[in-house]
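# Summary of the model geometry
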Amino acid sequence: MMIHIRPHTGSGHGAQLHCGHKIMSAIIGKNGVTHSKKEGDNATPLGLFPLVRVFYRADRVTKPLTSLPVEALSPKDGWCDDPQSPDYNKKVILPCAAGHEKLWREDNVYDIIVVIAYNMGPAVPGRGSAIFMHLQRPTLAPTEGCVALSQNDLLWVLSTNPQHILIHAPA
């Protein structure tokens, strides 16, 4: 199954996610989409990317049903966003001397994370890291470059066994 993200024209961070016959509301980066992603630009990268893994908070949600590899998070899990680190754009174990974000968060945004294989294999320093599908904030605030869905919609998408995501330019 292929997921399509179609940004709303002129809306900045609003989008639709198309999966099979279903269309859902999605949130993307604060600065919309871009062909030339850079670390910290708050934009979602355009293109076709594999979906590689799902992480989830077992203390908050049940294990998602999907054909993708699924792994429970621990409080020591992080993701390196330091372009100078050899671990750039990879999962790391905390504490970590390099710049990183914690995957075990106080809010619910990372209760379910789908890793989008953007800038991986090998990662190019500064081209962007930690591009995920994750849960929306209650305020529907824009992401820093990820794709965000409601929990029910993300669980439904995962149940369709998606393999790729295609992030389109606005029409």
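Throughout, residues of each chain are indexed from 1 in the direction in which the sequence is written. At least 70 in pLDDT is required for a residue's local features to be given in this predicted model, at least 80 for side-chain atom pairs to be given and counted, and no such filter applies to totals for whole chains, interfaces and linings, which use all residues. Computation of side-chain values covers all heavy atoms of the structure but excludes hydrogens and water.

With that settled, consider the sheet that holds strand β8 (residues 77-80). Two strands are counted as paired when DSSP detects at least two bridges linking them. Helix and strand assignments come from DSSP, with helices taken as H or I runs of at least 4 residues and strands as E runs of at least 2, each series counted from the N terminus. Spatially, β9-β8-β10 is the arrangement adopted by the three strands of the open sheet, whose pairing is antiparallel. Only two strands of the sheet have a single neighbouring strand rather than two, namely β9 (91-93) and β10 (100-102). Here the average twist between neighbouring strands, direction ignored, is 40°. Here three bridges tie β8 to β10, and the two strands are oriented antiparallel to one another. When the sheet's bridge partners are listed, C80 is paired in β10 with H100. Between N-to-C directions, angles cover 0 to 180 degrees, with each direction set by a line fitted to C-alpha atoms, over the stretch in contact for helices.

What follows deals with the pairing of β8. Exposure classes here rest on a 1.4 Å probe applied to the protein chains alone. A residue is buried below 20% of its type maximum, exposed above 50%, and partly exposed in between. Alternating residues of β8 divide into D77 and W79 and G78 and C80, and every residue in both groups is buried. Sheet analysis places β8 next to β9, joined by three bridges and oriented antiparallel. Bridge pairing in β9 places G78 opposite V92.

Moving on: the nonpolar core. What makes a nonpolar core is a set of buried Ala, Val, Leu, Ile, Met, Phe, Trp, Tyr and Cys residues whose side-chain atoms join them at distances within 4.5 Å. With 30 residues, the main nonpolar core has I3, I5, L17, M133 and I165 as its most contacted residues. Among the elements that make up this core, the one with the highest residue count is strand β6 (residues 47-56) (four residues). In this description, contact between two residues means that some pair of their heavy atoms is separated by no more than 4.5 Å. Ignoring anything within four residues of it in the chain, the contact list for M133 reads I3, L17, L51, I112, I113, V114, I116, V147, L149, L154, V157 and I165.

In this section: the environment of I165. Along the chain, I165 falls in strand β14 (residues 164-167). Take I165: its relative accessible area is 0%, and that puts it in the buried class. Between the C-alpha atom of I165 and that of L48, which follows or precedes it by 117 residues, the distance is 5.8 Å. Excluding its chain neighbours within four sequence positions, the residues that come into contact with I165 are M2, I3, I5, G47, L48, F49, L51, I116, M133 and V147.

Of the volumes computed, that of the largest pocket is approximately 270 Å³. If you trace the largest pocket, you find 20 residues lining it, with E101, S129, A130, E144 and C146 closest to the centre. Within the lining of the largest pocket, the residues separate by chemical class into five nonpolar, six polar and nine charged. The distinction between a cavity and a pocket rests on a 1 Å grid over the protein atoms alone: a 1.4 Å probe fits inside a cavity but cannot get out, while a pocket stays open yet meets protein on both sides within 12 Å along at least five of seven lines, and a residue with an atom within 4 Å of a point counts as lining. Grid points are joined across faces, edges and corners, and a volume is the space filled by probe spheres set on the points. Under this grouping Gly is polar, as are all residues other than the nonpolar Ala, Val, Leu, Ile, Met, Phe, Trp, Tyr, Cys and Pro and the charged Asp, Glu, Lys and Arg.

By salt bridge we mean one thing: a side-chain nitrogen of Lys or Arg within 4 Å of a carboxyl oxygen of Asp or Glu. Within the structure shown, the criterion is met by seven salt bridges. A salt bridge links E71 to R53, with the shortest nitrogen-to-oxygen separation between them at 3.6 Å. Of this pair, E71 sits in strand β7 (residues 70-72) while R53 sits in strand β6; the two residues are 18 residues apart in sequence, bridging distant segments of the chain. We note a salt bridge from D77 to K91, for which the minimum N-O separation is 3.2 Å. Taken together, the residues span a long stretch of sequence, with D77 in strand β8 and K91 in strand β9 at a distance of 14 residues.

Among the secondary structure elements, H168 is positioned in the segment after β14. Judged by its relative accessible area of 19%, H168 is buried. In the analysis that follows, any N or O atom pair within 3.5 Å is treated as a polar contact, provided that within protein one partner can donate a hydrogen and the other can accept it, and provided that, for residues neighboring in sequence, both atoms belong to side chains. Looking at H168, its side chain comes within polar contact range of the side chain of H4, at 2.8 Å. Polar side-chain contacts of H168 include one of 3.5 Å to the side chain of R6. If near-sequence neighbours (up to four positions away) are discounted, H168 is found in contact with H4, I5, R6, P7, V33 and L46.

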